[in-house]
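Each chain, letter by letter, is given below.
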Amino acid sequence: MATLVTTGRAGLAASVKARNIFLGIGAGQTAWDANGVDPENINSTGLYDAIGYRKAAQVDFVQSAAQGAISLPSGRYDVSATDTNLLYCKFTLDFSDASTSTIRETGIFLDVVTGAGLPAGQMFFDAATEVTSSGTLYLIEHVSSIIRTPATRETFEFVLTF
């Protein structure tokens with residue numbers, strides 16, 4: 001029986017790390033506020049109601065570490081100088097990113113295509129006016145409502161396991 005080995009998994013992580021990685025944020029469905037969040041669907045290809053896409057602020061290989069500097073519900077991690085099968089992705093919505101929206105869903109997308117002529121260095125892209133293709137959905141998460149205001153930043157962190 002064939003087995004995907006650790007170096008192969010690290011190679012898969014490296015191939016994802018080399019791509020443009022974005023966090024998609026969406027409004028989801030307002031019914032979730034009263035009835036609870038729907039479970040994620042493994043066959044999803046996008047968000048129910050996309051608001052925008054934020055380019056990753058940090059993407060690094062990590063390793064599990066009991067006292068790691070990166071603390072997530074899945075465990076603690078430290079950045080690794082070598083390729084591993086764990087890929088850390090950090091996204092921070094700036095004050096003006098979708099500043100009056102309610103977020104009920106997030107997703108990690110690979111290879112989002114943005115419109116031509118946008119400023120160099122732009123990190124957040126409006127789904128309706130600045131994105132021509134949402135790319136490939138890698139993972140999706142439905143969340144309790146996060147009400148955005150111009151006075152707050154939200155940070156989303158994930159460790160992807162390969």
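Residues numbered from 1 in each chain as written. Predicted model: local features only at pLDDT ≥ 70, side-chain atom pairs only at ≥ 80, totals over all residues. Heavy atoms only, no water.

Student: Just give me the short version of the environment of I42, but keep the residues and values in it.
Tutor: Tracing the sequence through the fold places I42 in the loop between α2 (31–35) and β2 (50–55). Under the relative-accessibility criterion, I42 is labelled exposed at 83%. Along the backbone, I42 and L139 are 97 residues apart, and their C-alpha atoms lie at a distance of 8.7 Å. (Helix = DSSP H or I, 4+ residues; strand = E, 2+ residues; numbered from the N terminus. Buried < 20%, exposed > 50% of the residue type's maximum accessible area, 1.4 Å probe, protein only.)

Student: Go over the nonpolar core, please, and point to the residues and values.
Tutor: The biggest cluster of nonpolar side chains holds 25 residues, and the ones touching the most others in it are I21, I25, L87, F91, F158 and L160. Where this core is concerned, the elements lending two or more residues are α1 (6–17), β1 (21–26), β3 (58–64), β6 (86–93), β7 (102–110), β11 (136–147) and β12 (154–161). Of the residues forming this core, the biggest block, four residues, is contributed by β6. Sequence-distant contacts of F91, that is, excluding residues within four places in its chain, are made with I21, F22, L23, R54, K55, A56, I108, E154, T155, F156 and F158. Grouped together as the second largest cluster of nonpolar side chains are ten residues, F22, V112, A127 and V131 included. (Core = buried A, V, L, I, M, F, W, Y, C linked by side-chain atoms within 4.5 Å. Contact = heavy atoms within 4.5 Å.)

Student: Go over the pairing of β1 with me, naming the residues and quoting the values.
Tutor: Among the six residues that make up β1, six are buried, leaving the element largely enclosed by the rest of the structure. With burial as the criterion, each face of β1 is covered, one bearing I21, L23 and I25 and the other bearing F22, G24 and G26. Pairing of β1 with β7 involves six bridges; the strand directions are antiparallel. Note on β7: the bridge partner recorded for F22 is F109. Pairing analysis gives five bridges linking β1 to β2, with the strands arranged antiparallel. Bridge pairing in β2 places L23 opposite R54. (Pairing = 2+ DSSP bridges.)

Student: Describe in detail the packing of aromatic side chains, supporting the description with residues and values.
Tutor: As enumerated under the stated definition, the model contains five aromatic pairs in all. Taking the centre distance of 5.4 Å and the plane angle of 75° together, the rings of W32 and Y48 count as edge-to-face. Pair noted here: W32 is in helix α2 and Y48 is in the loop between α2 and β2, with a separation of 16 residues, a long-range link. Owing to a relative accessible area of 5%, W32 belongs among the buried residues under this scheme. (Phe/Tyr/Trp six-rings, centres within 6.5 Å; stacked < 30°, edge-to-face > 60°.)

Student: Can you break down the sheet that holds β2 residue by residue, with the values?
Tutor: Reading across the sheet, the five strands line up as β9-β2-β1-β7-β11 and stay open at both edges, with antiparallel pairing between neighbours. Two strands bound the open sheet, and with one partner strand each, they are β9 (124–126) and β11. Each strand axis lies, on average, 20° off the axis of its neighbour in the sheet, ignoring direction. Where β2 and β9 come together, three bridges link them in antiparallel fashion. (Axes fitted to C-alpha atoms, helices over the stretch in contact; angles between N-to-C directions.)

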